[in-house]
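Survey of secondary and tertiary structure
In case you want the letters, here they are:
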Amino acid sequence: MNEKKNIFDIDPWKIKTNQLYLKEHRLQESLTSIGNGYMGMRGNFEEKYSGDSHQGTYIAGVWFPDKTRVGWWKNGYPDYFGKAINALNFIKINLSIDGKEIDLAKTPFTNFYQELDMKRGVLLRRFQVFGVEIKIERFASVDFKELAVIKWTFQNKDKKHHCIEINSSIDANVENEDSNYDEKFWQVLDKSSEKDGSWIETQTINNPFGVEQFIIAARQSYVGDFSKTTQKQEDFQVSDTFIATLEPEKTLCFEKRVIVTTSRDYKDSTEVKQALEELTDKVKKQTFEQLLFAHEQEWENRWNLADVVIEGNDESQQGIRFNLFQLFSTYYGEDERLNIGPKGFTGEKYGGATYWDTEAYAVPLYLALAKPEVSKNLLKYRYNQLAQAKHNARQQGLKGALYPMVTFTGVECHNEWEITFEEIHRNGAMAYAIYNYTNYTGDDSYLKNEGLEVLVEISRFWADRVHFSKNMGKYMIHGVTGPNEYENNVNNNWYTNTLAKWVLQYTIDSLQKYLREDLLITKDEKNQWQVIADNMYLPFDDKKGIFVQHDTFLDKELMSVKDLDASNLPLNQNWSWDKILRSCFIKQADVLQGIYLFGNDYTMEEKKANFEFYEPMTVHESSLSPSIHSILAAELGMEEKAFEMYERTARLDLDNYNNDTQDGLHITSMTGSWLAIVQGFAQMKTWNEQLSFAPILPKNWAAYSFNINYRGTLLNVRVADKLTLLKKSGKDVLVNIYGKKVVVKDKVEINLG
Ligand code: BGC
């Protein structure tokens with residue numbers, strides 16, 4: 001059942017605990033993941049741990065096309081399912097004290113403490129074994145992307161000498177738990193043991209799909225009080241062994257620095273290895289403190305811009321900071337070739353690197369919390385994959401472009417028919433993000449130069465995918481899956497039809513504004529789009545005054561989630577798929593997702609009627625769901641519901657609401673807590689290029705504040721007993737507050753409405 005399961009203490013800046021969770025170890029590992037946008041890893045222990053564990057280290061943009069595995073092959077399926085693959089395990093050590101191997105699943109220990117310091121981006125662990133206290137600090141540098149540092153401090157707590165032995169390795173014998181054919185994806189190209197450490201170079205195995213093979217090389221070097229004894233090379237591993245005697249009451253340090261380079265940044269094996277050496281030399285000159293300081297400074301810069309401060313509620317505070325920390329650890333917009341995978345560097349599930357989540361959920365946050373180039377790069381990422389999107393449409397026998405549900409290159413690599421073929425609403429999110437960027441930034445250069453081409457191809461897709469119903473005299477879209485994946489093959493999903501209609505109209509309007517003759521759109525084609533847009537069927541129920549999720553939704557046995565015994569939840573872990581599909585229960589915002597996107601087009605009465613009808617049937621078993629509900633509830637003045645949904649989105653992983661965080665964190669939905677605060681509680685809108693706020697203050701908070709970057713103006717928004725807008729830099733800005741226009745020149749203070 002959906003009960004909160006919080007294994008870490010409540011703290012505004014830290015994820016900390018005094019417990020080693022044996023049964024919930026995977027959950028503990030997920031929640032202590034770290035990353036720097038280039039690489040990252042789960043909170044695996046460095047030393048041997050023989051208990052249940054999911055070992056995972058990932059390098060952004062490195063993936064493998066795993067052969068598709070399905071029961072019955074259906075035409076149109078992609079040949080492979082791309083997977084973010086487990087990379088070399090470079091944190092690995094074997095540790096022994098006085099000849100006894102340390103393995104916390106077996107070795108008796110005391111004083112366990114683990115802490116992820118989100119302010120500094122440092123993972124720390126401490127415990128005592130055989131009279132020695134061991135402290136381990138680890139970070140993936142956000143200042144030096146190829147660098148990961150681990151430092152062990154051994155403190156003798158008794159009067160005896162202790163002999164400490166460390167065997168430090170880089171291990172390429174790793175696997176993906178979700179590998180379709182139990183294949184391992186790495187082969188070793190080269191390795192070497194040298195005076196200052198050792199390195200190994202690997203390459204992804206051959207694949208029959210012509211997909212680029214990636215090279216990763218990793219090199220370990222050391223600093224500290226230990227002496228090297230032996231070095232060893234095995235088929236898939238290089239290791240260096242060190243030894244030291246720990247005198248009574250004394251302390252010893254051992255630091256492992258790892259540099260990771262890949263063929264994504266360097267052209268071939270020679271360059272990858274050369275860079276490995278050069279970068280190792282570069283960090284050699286710096287102390288641990290210097291490397292850490294540069295890393296901490298960069299986190300401080302990020303927090304200075306992005307931190308959301310919630311006063312009077314540490315639980316809520318921890319939630320939003322955890323989300324921002326993990327989101328930025330995954331993606332901070334430095335590399336335009338990358339995108340935001342649903343699991344980031346924290347697990348394997350979901351395979352791909354890019355979902356519609358990026359456009360629908362991440363773009364709005366990056367628009368306000370990063371340089372405009374970052375959101376523009378996210379849009380360009382899709383522009384660069386337009387050819388592949390056209391290929392995807394062709395695979396379905398359709399014109400135009402169909403953006404993929406899951407991808408690395410733009411080619412669809414998801415292989416469940418109800419999603420690959422049917423969850424086509426994703427195409428609408430691509431177009432919406434173009435609108436969102438243009439409307440928020442006021443910069444129409446992307447729309448004019450690249451976006452229009454994308455819009456035209458998406459419109460061509462919709463124009464081919466609809467059919468005309470003579471019976472109703474309307475255009476319809478049959479056989480789809482809406483955002484609610486708990487129903488498939490439905491006809492006239494209101495959300496999908498609404499988006500298709502909107503995309504066609506937005507494309508026509510934009511073509512009117514920006515002449516792009518090179519796009520070769522005929523008058524007939526445009527006229528046809530207009531006819532479709534004007535005559536799109538949008539299911540509506542007069543009696544209930546609601547938009548109908550799809551043609552037969554109201555014929556279902558309608559009931560509320562509250563009518564179910566809690567033991568049924570989450571449904572996806574307790575019910576057969578057949579039972580789920582036939583039920584009325586909704587996985588995530590569907591009609592309400594549309595109302596959220598086009599919030600300016602609906603009246604409060606319409607919003608209320610739909611919210612009150614759909615929300616009680618929604619189980620929020622997609623992490624993307626609660627934030628949208630929180631935003632709408634706040635707008636509708638349903639403060640308690642808005643707060644409940646905020647907690648659910650902000651603490652989804654920390655409290656393991658959906659009982660699946662052990663598989664990895666829900667990275668893309670981590671924008672949800674920020675959206676719930678900024679677009680929900682503060683009601684920040686930018687309809688028709690007008691910035692507006694209409695804040696409410698949840699009753700269990702004393703205050704909250706955040707920054708937004710709006711068209712070059714950095715604005716601090718604080719909501720307490722009053723709303724305070726403080727211009728931190730940039731031009732004066734005209735803001736609509738509770739319907740009244742105010743120019744923020746310096747500071748504006750207004751009573752809450
Ligand atoms: C959701 C999708 C989402 C995907 C990745 C699924 O559970 O239903 O909407 O794109 O997760 O986050």
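Going by the structure above, here's the rest.
Below is a summary of the structure that appears in this document. (Residues numbered from 1 in each chain as written. Predicted model: local features only at pLDDT ≥ 70, side-chain atom pairs only at ≥ 80, totals over all residues. Heavy atoms only, no water.)

Some points on the side chain of Glu412
What counts is decided by this rule: Counting from the N terminus, the helices are DSSP H or I runs at least four residues long and the strands are E runs at least two residues long. Any pair of N or O atoms that falls within 3.5 Å is considered a polar contact. Within protein, one atom must be able to donate a hydrogen and the other to accept it, and sequence-neighbouring residues count only if both atoms are side-chain atoms. When checking whether two residues touch, look at their non-hydrogen atoms; a contact exists if any pair is within 4.5 Å.
With respect to the secondary-structure elements, Glu412 resides in the loop between α7 (386-395) and α8 (417-420). Among the polar contacts listed, one links the side chain of Glu412 to the backbone nitrogen of Met405, at a separation of 2.6 Å. Separated by 3.3 Å, the side chains of Glu412 and Arg426 make a polar contact. Setting aside anything within four residues of it in sequence, one finds Glu412 in contact with Pro78, Asn392, Pro404, Met405, Val406, Thr407, Thr420 and Arg426.

Some details on the site of the ligand
Note the following rule: One heavy atom suffices: a residue is near a molecule or strand as soon as one of its heavy atoms comes within 4 Å of it. Values of accessible area rely on a 1.4 Å probe in the Shrake-Rupley scheme; residue burial ignores everything except the protein chains shown. Space inside and on the surface of the protein is sampled on a 1 Å grid over the protein atoms alone, with a cavity defined as a set of points where a 1.4 Å probe fits but cannot get out and a pocket as an open set with protein on both sides within 12 Å along at least 5 of 7 lines; lining residues have an atom within 4 Å of a point. A cavity or pocket is said to hold a molecule if more than half of that molecule's atoms lie within 2 Å of its grid points. Charged means Asp, Glu, Lys or Arg here, nonpolar means Ala, Val, Leu, Ile, Met, Phe, Trp, Tyr, Cys or Pro, and polar covers whatever is left, Gly included.
Neighbouring residues of the ligand: Pro342, Tyr350, Tyr355, Trp356, Asp357, Met405, Glu485, Lys587, Gln588, Ser622, Leu624 and Thr668. In this structure, an oxygen atom belonging to the ligand sits 3.0 Å away from a side-chain N or O atom of Glu485. Side-chain polar atom of Lys587 to an oxygen atom of the ligand: 2.8 Å apart, as the coordinates give it. When isolated, the ligand has an accessible area of 310 Å², and the protein chains bury 94% of it. Judged by its atoms lying within 2 Å of the grid points, the ligand is housed in the largest pocket. Residue classes in the shell around the ligand are distributed as six nonpolar, three polar and three charged.

Here we look at the sheet that holds strand β29 (residues 733-737)
Note: strands within a sheet are paired through backbone hydrogen bonds, in either parallel or antiparallel orientation. Our working rule: Any two strands between which DSSP finds at least two bridges are classified as paired.
On the basis of which strands lie adjacent, the open sheet formed by three strands has the order β25-β29-β30 and mixed pairing. Looking along the sheet, the strands with just one partner apiece sit at the ends: β25 (692-693) and β30 (740-744). The sheet contact formed by β29 and β30 spans five bridges and is antiparallel. Looking at β30, one finds that Asn736 is bridged to Lys741.

Examining empty space enclosed by the protein
Quick note on the threshold: Grid points are joined across faces, edges and corners, and a volume is the space filled by probe spheres set on the points.
What the rule picks out here adds up to four cavities of 30 Å³ or more. For the largest cavity, the calculated volume is near 60 Å³. Taken together, Gly43, Asn44, Phe45, Glu46, Gln114, Leu123, Leu124, Arg125, Ile136 and Arg138 make up the full set of residues lining the largest cavity. The set of elements that each furnish at least two residues to the lining of the largest cavity consists of β10 (122-129) and β11 (132-140). Per-element accounting of the lining of the largest cavity gives the leading share, three residues, to β10. The residue makeup of the lining of the largest cavity, split by class, is four nonpolar, three polar and three charged.

Observations regarding the packing of helix α6 (residues 372-383) against helix α10 (residues 445-465)
Quick note on the threshold: Note on geometry: axes are lines fitted to C-alpha atoms, helical ones only across the stretch in contact, with angles between N-to-C directions running from 0 to 180 degrees. Should an angle lie under 35 degrees it is considered roughly parallel, over 145 roughly antiparallel, and from 65 to 115 roughly perpendicular; all remaining angles are considered oblique. The crossing is said to be left-handed when, going from far helix to near helix, the turn is anticlockwise and less than a right angle, and right-handed when the turn is clockwise.
For the pair α6 and α10, interaxial distance at closest approach is 10 Å and the crossing angle is 30 degrees. Taken as axis vectors, α6 and α10 run roughly parallel relative to one another. Relative to α10, α6 is oriented so that their crossing is left-handed. For the pair α6 and α10, the contacting residues are Lys376, Leu379, Lys380 and Tyr383 in the first and Ser445, Tyr446, Glu450, Glu453 and Val454 in the second. Across the contact of α6 with α10, the residue classes break down as four nonpolar, one polar and four charged.

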